[in-house]
Amino acid sequence: MKHTFSPRPILSPQMVQMIATYNEDGSVDLMNAAWGGQLTQDILVLSLDETHKTVANIERNKCFTLGLPSCKDIVDCDYVGIVSGNKVPEKFANTDLHASKSEEINAPVIEEFPITFECDVHHIVEDEELGYLVLGKVRRILVGEEFLKEKNQFDVEKMDLAFFSPLDNTYRHFGDVAAKAFSCGLAKKK
Ligand SMILES: Cc1cc2nc3c(=O)[nH]c(=O)nc-3n(C[C@H](O)[C@H](O)[C@H](O)COP(=O)(O)O)c2cc1C
């Protein structure tokens, strides 16, 4: 027997995605965004509530960075996800995170995050059913050297990227390797 539920956003786990933008006065705003992901090789999508300070900043600057944080920074990532820059303009200063300006776009790069996508706004979709969607075109991806192994292989263990589980409203670690992708299935191939 399977129990049925009405449609709800429980596809799990989701990356904890941190959207960084500049406010009008040049200070940094950062928000937590679970709803979104990679659409194509170089297009990302964000599903945002239009009232967010981040949305005003994205519309003005036409760019943003999307950072993937480590679990060690999860308290700051949750904080900026429950407090708006509209009400607390200094919210980024209340975190222990550090930002520098991207060399490519007018948006902040959060130094602590292992992976950062520097994005231009490609397209904004405003739709009654779909809501407010930002499609970002990735210009470059920055990865801290300390998170790379030999031959530029990603050190996934060291990154300890944070995931969000909407099934039980928890943040989770990446977890152990279950099997090798594009490979373990070969055992079944006739
Ligand atoms: C785990 C988590 C996931 C979130 N995902 C989203 C999301 O996908 N889209 C969104 O609009 N808000 C999302 N939020 C809420 C925003 O991060 C929050 O409203 C934030 O305060 C907006 O900041 P701003 O007004 O400074 O831009 C999420 C919050 C948390 C804690």
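Because the structure is predicted, anything quoted here is derived from the model rather than measured.

Asker: Just give me the short version of the overall build of the protein, but keep the residues and values in it.
Answerer: A tally of regular secondary structure across the protein gives three helices and twelve strands. Against the 2.2 N^0.38 benchmark of 16 Å for 190 residues, the protein shows a C-alpha radius of gyration of 18 Å, consistent with a compact globule. Principal-axis analysis of the C-alpha atoms gives the protein an extent of 60 × 45 × 30 Å. In the protein, which comprises 190 residues, the share counted as buried stands at 41%. Contacts in the protein between residues far apart in sequence, at least 24 positions, make up 58% of those at least 6 positions apart. In the protein, which carries 20 positive and 30 negative side-chain charges, the distance between the mean positions of the two groups comes to 9 Å.

Asker: Explain the packing of aromatic side chains to me, using residue names and the numbers behind them.
Answerer: Applying the stated rule across the entire model yields three aromatic pairs. Seen in terms of ring centroids, Phe164 and Tyr171 are 6.0 Å apart; in terms of plane orientation they differ by 50 degrees. Their pairing is tilted. Linked through ring pairs, Trp35, Phe164 and Tyr171 together constitute an aromatic cluster.

Asker: Explain helix H1 (residues 53-61) to me, and be specific about the residues and the numbers.
Answerer: Those residues of H1 not exposed but buried are Lys53, Thr54, Val55, Asn57, Ile58 and Asn61. A positive phi of about 60 degrees marks Lys62, the residue just after H1.

Asker: Give a detailed account of the side chain of Asn57, specifying residues and quantitative values.
Answerer: Within the secondary structure, Asn57 is located in helix H1. The class for Asn57 is buried, based on a relative accessible area of 0%. Residues within four places of Asn57 in sequence aside, it is in contact with Thr21, Tyr22, Asn23, Glu24, Asp29 and Lys62.

Procedures and definitions
- Residues numbered from 1 in each chain as written.
- Predicted model: local features only at pLDDT ≥ 70, side-chain atom pairs only at ≥ 80, totals over all residues.
- Heavy atoms only, no water.
- Helix = DSSP H or I, 4+ residues; strand = E, 2+ residues; numbered from the N terminus.
- Rg over C-alpha atoms; globule rule 2.2 N^0.38 Å.
- Buried < 20%, exposed > 50% of the residue type's maximum accessible area, 1.4 Å probe, protein only.
- Contact = heavy atoms within 4.5 Å.
- Lys, Arg positive; Asp, Glu negative; His and termini not counted.
- Charge placed at Lys NZ, Arg CZ, Asp CG, Glu CD.
- Phe/Tyr/Trp six-rings, centres within 6.5 Å; stacked < 30°, edge-to-face > 60°.

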